[in-house]
Amino acid sequence: MMLLKLEFKRIFSRPMTYVVLLALPVLFVLLGSVFFNSFGANNLKIGVYSEDKSPLSKFTVGVVMSLFHGQTIQYVGADYVEKLKSGELHAVVIIPRDFTTSLFSARQTQIKYVPSPVDTQLSAAAYLVFKKLFEDLSGGPFFNPKVLQQMYTSSNVPAPSLVTDREVNFSQVFAPSLMLLITMFAGMLLGAGSIVNDRERGLFIYYSLGKVKSINYYFAKFTTTFVISFVAGLISYAMFFANGFSVNWTVVLIIILINALFHTSLGITISVLSKSSMTSNLISTIFSILLLFSSGSLTSVSSLPEFGKRILNVIPIYKSVYLLRMAQLFPADNDFTVLLTKNVLFSITVSFLFAIVSILGIIREFLPKSDLAK
């Protein structure tokens, strides 16, 4: 207990602890909120520039444009490049000179899509949607000239309203990823530097002379890092909760808990096995980047090959993000409970194995050098 109190005193005497515990969650949440909320705050602005100046082209393009009465799609002039560069437009669709004649002759034509260098992620998302729509509409009646002639409708006919099955706030869909990434970074960053620093400062010989047990030393290191990782996750959860994140709090606590457990154990194991702080920082950074991409926050999981999906299914942070999103979007059922239980058991098992490896490494560090030489 005395060693644990000493470890807490040591770790809270470092400014980096407060950065990880307070500044990191606030920074992640604020940056994440600004980034993801920008998708909902920004009105997608697509310009249409027609190189086909024939009267028939004006009629055909006009029919399609009549479907859009807002500012999502608008006509633009030859100065569209400057508007793209300034971010006034997210993309421009260029109608070629032979567009209408090809359409009425049943020949395939090409429409050029020019994205903006500002908010290019929105331009890319719009491109993918348009591309898939055009592929699905190919061969159908939508681009049939006779059908186009009948597409004018009364201006007082309202468009359907798009709703979700549950009241989901899409500005909060990023919350599961950020909460667990904060928990992961806190556990990995502090854990990876905990033991290797003591070795470099020559503290192991004092612990050995003081008859400090290896398991007590590990418990002190693990507990302090785990508490900070867990509390960092709780702080981020509290911030999201205050902004409307609505998920069963027991599920959130369990998932933050097992993620703090897993990543703290992994970070300390890296620290035990590393020969220097530089090596420990390098390995922990590599693992953190891999886990960041494995969380499903930055990558399209559905487009991965089958072996990639199998690998993700055994990574706790991915399963945890998936479970939180399930709880956020769908009512809880037996399948959810089974998946949560499996994730908890897997995380605990792997964390226990990491703990064994770490304790064995600490025992070796505590042995007198003469014993190691034999």
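Residues numbered from 1 in each chain as written. Predicted model: local features only at pLDDT ≥ 70, side-chain atom pairs only at ≥ 80, totals over all residues. Heavy atoms only, no water.

Looking at an unreviewed UniProt entry, one finds the protein named ABC transporter permease, with Fervidobacterium changbaicum as its source organism. The UniProt entry for the protein carries this comment under Subcellular location (unreviewed entry): "Cell membrane". (UniProt positions renumbered as here; feature names shortened; annotations may be inferred.)

Let us look at the overall build of the protein. Along the protein, the regular secondary structure elements total 16 helices and four strands. Here the protein, with 374 residues, has 42% of them falling under the buried criterion. When contacts within the protein are restricted to residue pairs at least 6 apart in sequence, long-range pairs at least 24 apart make up 77% of them. In the structure as shown, the protein presents an accessible area of about 21300 Å², 67% of it carried by carbon and sulfur atoms. (Helix = DSSP H or I, 4+ residues; strand = E, 2+ residues; numbered from the N terminus. Buried < 20%, exposed > 50% of the residue type's maximum accessible area, 1.4 Å probe, protein only. Contact = heavy atoms within 4.5 Å. Areas by Shrake-Rupley, 256 points an atom, 1.4 Å probe, with all protein chains shown as cover.)

A separate point is the nonpolar core. Among the nonpolar cores identified, the biggest contains 56 residues, and Met179, Tyr217, Phe245, Val252, Ile317 and Leu324 are the most heavily contacted of them. Where this core is concerned, the elements lending two or more residues are helix H1 (2–11), helix H8 (175–200), helix H9 (204–209), helix H10 (214–242), helix H11 (249–273), helix H14 (316–329) and helix H15 (334–366). Examining the composition of this core, we find that 11 residues originate from one element, H11, more than from any other. Residues contacting Leu324, with those up to four places away along its chain left out, are Pro176, Met179, Leu180, Val247, Val251, Val252 and Ile255. (Core = buried A, V, L, I, M, F, W, Y, C linked by side-chain atoms within 4.5 Å.)

For the coordinates displayed, the defined rule picks out eight aromatic pairs. With centroids separated by 6.0 Å and ring planes inclined at 5°, the aromatic side chains of Phe226 and Phe230 adopt a geometry described as stacked. Residue Phe226 and its partner Phe230 are both found in helix H10; the two are separated by four residues, about one turn of the helix. Accessibility assignment for this pair places Phe226 and Phe230 in one class, buried. Here the aromatic residues Tyr218, Phe222, Phe226 and Phe230 are joined through ring pairs into a cluster of three or more. (Phe/Tyr/Trp six-rings, centres within 6.5 Å; stacked < 30°, edge-to-face > 60°.)

The subject of this paragraph is the sheet that holds strand E1 (residues 46–50). Strand order in the open sheet formed by four strands is E2-E1-E3-E4, with mixed pairing between adjacent strands. Either end of the sheet is taken by a strand with one partner, and the two such strands are strand E2 (73–75) and strand E4 (112–115). The sheet shows a mean angle of 25° between the axes of neighbouring strands, taken without regard to direction. Where E1 meets E2, three bridges bridge the pair, whose relative direction is parallel. Paired with Gly47 across the bridge in E2 is Gln74. (Pairing = 2+ DSSP bridges. Axes fitted to C-alpha atoms, helices over the stretch in contact; angles between N-to-C directions.)

This next bit is on the UniProt feature "transmembrane region" (unreviewed entry) in the protein. This chain's UniProt record puts "transmembrane region" (unreviewed entry) on residues 173–196, 217–241, 247–270, 282–304 and 344–367. Between the C-alpha atoms that bound residues 217–241 the distance is 36 Å, and the span itself is 100% helix and 0% strand.

Taking 1.5 Å as the rise per residue, H10 with 29 residues should run 42 Å; its terminal C-alpha atoms sit 42 Å apart, in good agreement. In the segment just after H10, Gly244 is the residue with positive phi, at about 105°. (Expected span 1.5 Å × (residues − 1).)

Turning our attention to the packing of H10 against H11. Between H10 and H11, the least distance of the axes is 9 Å, while the angle of their chain directions is 140°. One finds that H10 runs oblique with respect to H11. In terms of crossing hand, the pair formed by H10 and H11 is right-handed. The segment H10 lies against H11, with Tyr218, Lys221, Phe222, Thr225, Phe226, Ser229, Phe230, Gly233, Leu234 and Tyr237 engaging Trp249, Val252, Leu253, Ile256, Leu257, Ala260, Leu261, Thr264, Ser265 and Ile268. Taken together, the residues of the contact of H10 with H11 sort by class into 14 nonpolar, five polar and one charged. (Parallel < 35°, antiparallel > 145°, perpendicular 65-115°, else oblique. Left-handed = near helix turned anticlockwise from the far one by under 90°. Nonpolar A, V, L, I, M, F, W, Y, C, P; charged D, E, K, R; others polar.)

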